[in-house]
Amino acid sequence: MNIQAHNRHAHPRSSDFQPHRRRMMFFIGATWFAVSSALAPALTHAADQAEPLALRSIMQDMKRDMQTITGAIAEEDWKTIVELAPKVATHPEPPLGEKMRVMAYLGTDAAKFKGFDAQTHQAAQALETAAKQADGLGAIAAFAKVQSSCLACHQNFRSSFVSHFYEQK
Ligand code: HEC
C-alpha cells in the first residue's frame, strides 16, 4: 500500500497549514535574529566590562595587511607589498590617554615592549625594500622576520594585556 497516501490521509490538514506555518517560522526566526543582533553588542559589553583598546583594532589592521601581503607574495605582486609594508611599519599609535595607561601598566617592561615594536618596524621596512627590488626571496625572509616580531611581542605581552585590560579581578 502507498504509505505517503496513507499519511496524508491520517493528517488531512497538515498540508493546508504548511505554507502559513513556514511563513510564521520565518517571521519568528527573522525577529529573533534582529533582536539578538541588536542586543549582542550590549550583552558582550556587559560580559566584558571593558571597551576594547584602540591597540586591538590597530592589531587587527596589521593582521589584515599581513594577510594581504601573504597573498601578494604568492602572486609576486610587489606593488601591493610596497604599498602595505609601510602601513605595518608605521602603524598608528593609540590615543595619548590609552598610551599612558599602557605605559603605566608596562612600567619597567616598557622598553622591552617598544623594542618588539621597533623590530616590527625594521622588518617591515626591509620587506618594503625587498618588494621594491622585486626580490622574492628577500621579501619572504623579511616577511618571516615581521611575523617573528609579532609573535615575540605576543608571547611576552598579549595574555597579560588581555587579563589586565579586559578581565575583571
Ligand atoms: C609591541 C608588541 C606587539 C607587537 C610588535 C605586535 N603586537 Fe599584536 N598585540 C599586542 C598586544 C598587547 C595585543 C593584545 C591587545 C588587546 O587584546 O587589546 C595584540 C593583539 C593582536 C591581535 C589580536 C587582536 C584581537 O582582535 O584580539 C592580532 C591579530 C595582532 N595582535 C596582530 C599583530 C600583527 C600581525 C603584528 C605584527 C605585524 C603584531 N600584532 C605585532 C602587541 C603586539
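Residues numbered from 1 in each chain as written. Predicted model: local features only at pLDDT ≥ 70, side-chain atom pairs only at ≥ 80, totals over all residues.

**Thoughts on the overall build of the protein chain**
Rules: Numbering of helices and strands runs from the N terminus; a helix is a DSSP stretch of H or I covering at least four residues, while a strand is a stretch of E covering at least two. Think of it as a crowd count around each C-beta: if 20 or more other C-beta atoms lie within 10 Å the residue is buried, if 12 or fewer it is exposed, and in between it is partly exposed, with C-beta placed from the backbone throughout. Contact between residues is assigned whenever the C-beta positions, reconstructed from backbone atoms, fall within 7 Å.
The secondary structure content of the protein chain amounts to seven helices and zero strands. Relative to its full complement of 169 residues, the protein chain shows a buried share of 13%. The long-range share in the protein chain, meaning contacts at least 24 apart out of those at least 6 apart in sequence, stands at 65%.

**As for the site of the ligand**
Note the following rule: Nearness is defined per residue: the C-beta atom, placed using the backbone, must lie within 6 Å of the molecule or strand. Nonpolar residues are Ala, Val, Leu, Ile, Met, Phe, Trp, Tyr, Cys and Pro. Charged residues are Asp, Glu, Lys and Arg, and all others, Gly as well, are polar.
Neighbouring residues of the ligand: 23 residues in total, closest Arg56, Met59, Lys63, Cys150 and Cys153. Listing elements by their share of the shell around the ligand, those giving two or more residues are helix H3 (54–74), helix H6 (110–132) and helix H7 (136–165). No other element matches the nine residues that H7 contributes to the shell around the ligand. Class assignment of the residues belonging to the shell around the ligand gives a composition of 15 nonpolar, four polar and four charged.

**Regarding the packing of helix H4 (residues 78–89) against H6**
Rule in force here: The convention used is that axes are lines fitted to C-alpha atoms, helices contributing only their stretch in contact, and that angles between N-to-C directions extend from 0 to 180 degrees. Oblique is the label for any angle not covered by the other classes, which are roughly parallel (under 35 degrees), roughly antiparallel (over 145) and roughly perpendicular (65 to 115). A clockwise turn of the near helix away from the far one marks a right-handed crossing, whereas an anticlockwise turn of less than a right angle marks a left-handed crossing.
Their axes nearest at 8 Å, the elements H4 and H6 cross at an angle of 165°. As the angle between them shows, H4 and H6 are arranged roughly antiparallel. Every pair of crossing elements has a handedness; the one defined by H4 and H6 is left-handed. Seen from H4, the contacting residues are Trp78, Ile81, Val82, Ala85, Pro86, Val88 and Ala89; seen from H6, they are Thr120, His121, Ala124, Gln125, Leu127, Glu128, Ala131 and Lys132. Residues that form the contact of H4 with H6 fall into these classes: ten nonpolar, three polar and two charged.

**Regarding unusual backbone geometry**
Unlike most non-glycine residues, Glu76 shows phi in positive territory, near 50°. With respect to the helices, strands and loops of the structure, Glu76 is situated in the loop between H3 and H4. Despite not being glycine, Ala134 has its phi angle at roughly 50°, a positive value. Note that Ala134 resides in the loop between H6 and H7.

**Some points on the environment of Ala72**
Inspection of the secondary structure puts Ala72 in helix H3. In contact with Ala72, not counting residues within four places along its chain, are Asp77, Thr80 and Ile81.

**Some points on H7**
What counts here: Each residue is assigned a bend, namely the angle between axes fitted to the seven residues that terminate at it and the seven residues that start at it.
A maximum bend of about 45° is found in H7 at Phe157. Of all the positions in H7, only Ala139, Ala142, Phe143, Val146, Ser149, Cys150 and Cys153 are classed as buried. The inward-facing, buried residues of H7 contact H3, H4 and H6.

These figures come from the coordinates and say nothing about function on their own.
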